[in-house]
Amino acid sequence: MAEPNAKQPAENTDSARGFAFALTAYLLWGFLPFFMKAVAHIPAPEVVAHRIVWSVPLAGLVLLWLGRTQEIRTALRSPRMLKMATLTAALITVNWGIYVWAIGAGRAIETALGYYINPLFSIFLGALLLKERPSPTQMVAIALAALAVAVLAFDAGGLPWVSIGLCISWGFYAFFRKTLPIGPNQGFFLEVLLLSVPAIGYIIWLEATGQGHFGDTTMTDVVLLLSCGLVTAVPLMIYANGAKLLRLSTIGIMQYIAPTMIFVIAVFVFHEPFGVAKLIAFALIWAALFIYSGAMLVESRARRAAQPTPAE
């Protein structure tokens with residue numbers, strides 16, 4: 001969902017413009033399940049392929065408008081950067097594939113859970129791969145999230161693979177994306193550009209074998225598949241331009257807007273089953289996020305208080 005490589009503001013302040021950008025992006029992501037329900041009759045791999053292909057011209061036009069194409073030319077000449085971008089592109093493809101399939105299969109609640117767990121999984125990943133030491137508060141939050149997954153696993157007789165798959169794929173995507181020395185808009189364009197080659201080949205094969213939905217069925221399907229680029233690229237690029245104008249703590253709180261909207265839509269609009277086990281699991285997750293967010297805000301305020309004030 002959120003672009004992980006967005007730059008933070010130079011000053012430790014929030015911008016009203018940045019808040020408007022970020023809020024718009026999160027609201028668009030929150031309403032995305034309605035679009036995914038509309039394309040639920042189309043196989044998820046085909047939807048993902050069209051998300052990739054139609055994102056390329058949109059992202060490219062934005063870079064041309066901003067005059068930020070030099071980094072793309074540099075990246076295309078760097079084998080190391082291309083390898084890293086290929087890895088992040090593969091991870092985001094897996095994430096998109098799971099999300100598209102889950103919404104169409106009536107498992108939107110599980111997608112909400114996966115995105116709620118994301119920030120806690122990132123802390124765990126930092127401890128595991130970067131040897132970062134989580135605070136006691138963070139450890140409590142991670143433990144509560146793990147307990148929530150255990151409750152769901154016990155109730156269903158197996159792990160909630162949709163939630164885990166979304167969480168792990170996005171967590172590793174965010175981790176490796178930070179190592180890509182390129183701006184957020186440029187990085188997104190590079191990823192979809194690399195993915196467009198197999199995606200175009202797959203779409204051509206589908207159409208040639210009569211399995212595709214781009215022109216072989218109804219005009220509604222054509223419009224929906226063309227719109228895949230809009231619903232993919234626009235929120236990401238709006239967010240990328242907003243996140244650099246906001247404090248990390250503000251973004252940390254705002255990131256719960258989209259999964260909360262997905263959860264409400266899943267329960268009250270899609271009428272997905274929400275039994276006692278899911279209620280307990282979500283209560284544990286919400287408690288974990290409350291603890292995590294509260295500690296983050298306290299730490300942020302303490303850092304600001306410790307900063308020297310400029311002389312008048």
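Just so you know, these numbers come straight off a predicted model, no measurement behind them. (Residues numbered from 1 in each chain as written. Predicted model: local features only at pLDDT ≥ 70, side-chain atom pairs only at ≥ 80, totals over all residues. Heavy atoms only, no water.)

Glancing now at the packing of aromatic side chains. Here the structure, examined in full by the defined rule, presents 20 aromatic pairs. On the numbers, 6.2 Å between centres and 80° between planes, the contact of Tyr 116 with Phe 282 is edge-to-face. Here Phe 282 lies in helix H12 (residues 276–306) and Tyr 116 lies in helix H5 (residues 108–129), a separation of 166 residues in the sequence. Here Phe 282 falls in the buried class, since its relative accessible area comes to 1%. Between Phe 172 and Phe 176, the ring centres sit 6.3 Å apart and the planes meet at 20°, which makes this aromatic pair stacked. In this pair, Phe 172 and Phe 176 are both assigned in helix H7 (residues 161–177), four residues apart and thus about one turn of the helix distant. By relative accessible area, which is 26% here, Phe 172 ends up partly exposed. Feature note: the residues Tyr 116, Phe 263, Phe 274, Phe 282 and Trp 286 constitute an aromatic cluster, connected by ring pairs. (Phe/Tyr/Trp six-rings, centres within 6.5 Å; stacked < 30°, edge-to-face > 60°. Helix = DSSP H or I, 4+ residues; strand = E, 2+ residues; numbered from the N terminus. Buried < 20%, exposed > 50% of the residue type's maximum accessible area, 1.4 Å probe, protein only.)

Moving on, we get to the side chain of Thr 111. Here Thr 111 lies in helix H5. Thr 111 sits in the buried class, given a relative accessible area of 0%.

In the structure shown here, the tally under the stated rule is three salt bridges. The shortest N-O distance in the salt bridge between Glu 71 and Arg 68 comes to 3.7 Å. Two residues, Arg 177 and Glu 191, come together in a salt bridge whose shortest N-O distance is 3.4 Å. Remark: Glu 191 occurs in helix H8 (residues 184–208) and Arg 177 occurs in helix H7; sequence separation between them is 14 residues. Judged on exposure class, the residue Arg 177 and its partner Glu 191 are both buried. (Salt bridge = Lys/Arg side-chain N within 4 Å of Asp/Glu carboxyl O.)

Before going further, it helps to examine the UniProt feature "domain: EamA" (unreviewed entry) in the chain. The positions that UniProt labels "domain: EamA" (unreviewed entry) are, in the present scheme, residues 18–152. Secondary structure across residues 18–152 comprises 86% helix and 0% strand; the distance between its end C-alpha atoms is 37 Å. (UniProt positions renumbered as here; feature names shortened; annotations may be inferred.)

Let's shift gears to the environment of Ala 243. The topology assignment puts Ala 243 in helix H9 (residues 219–243). Counting along the chain gives 221 residues from Ala 243 to Ala 22, while the straight-line C-alpha distance between them is 6.4 Å.

Time to look at the confidence of the model for the chain. Confidence in the prediction for the chain averages 87 pLDDT; 91% of positions are at 70 or higher. Ranking the elements of the chain by mean pLDDT puts helix H10 (residues 248–254) last, at 75, and helix H4 (residues 79–104) first, at 95. Confidence drops under pLDDT 50 across residues 2–11; counting only partners more than four residues distant or on other chains, this segment forms 37 contacts. (pLDDT = per-residue confidence, 0-100. Contact = heavy atoms within 4.5 Å.)

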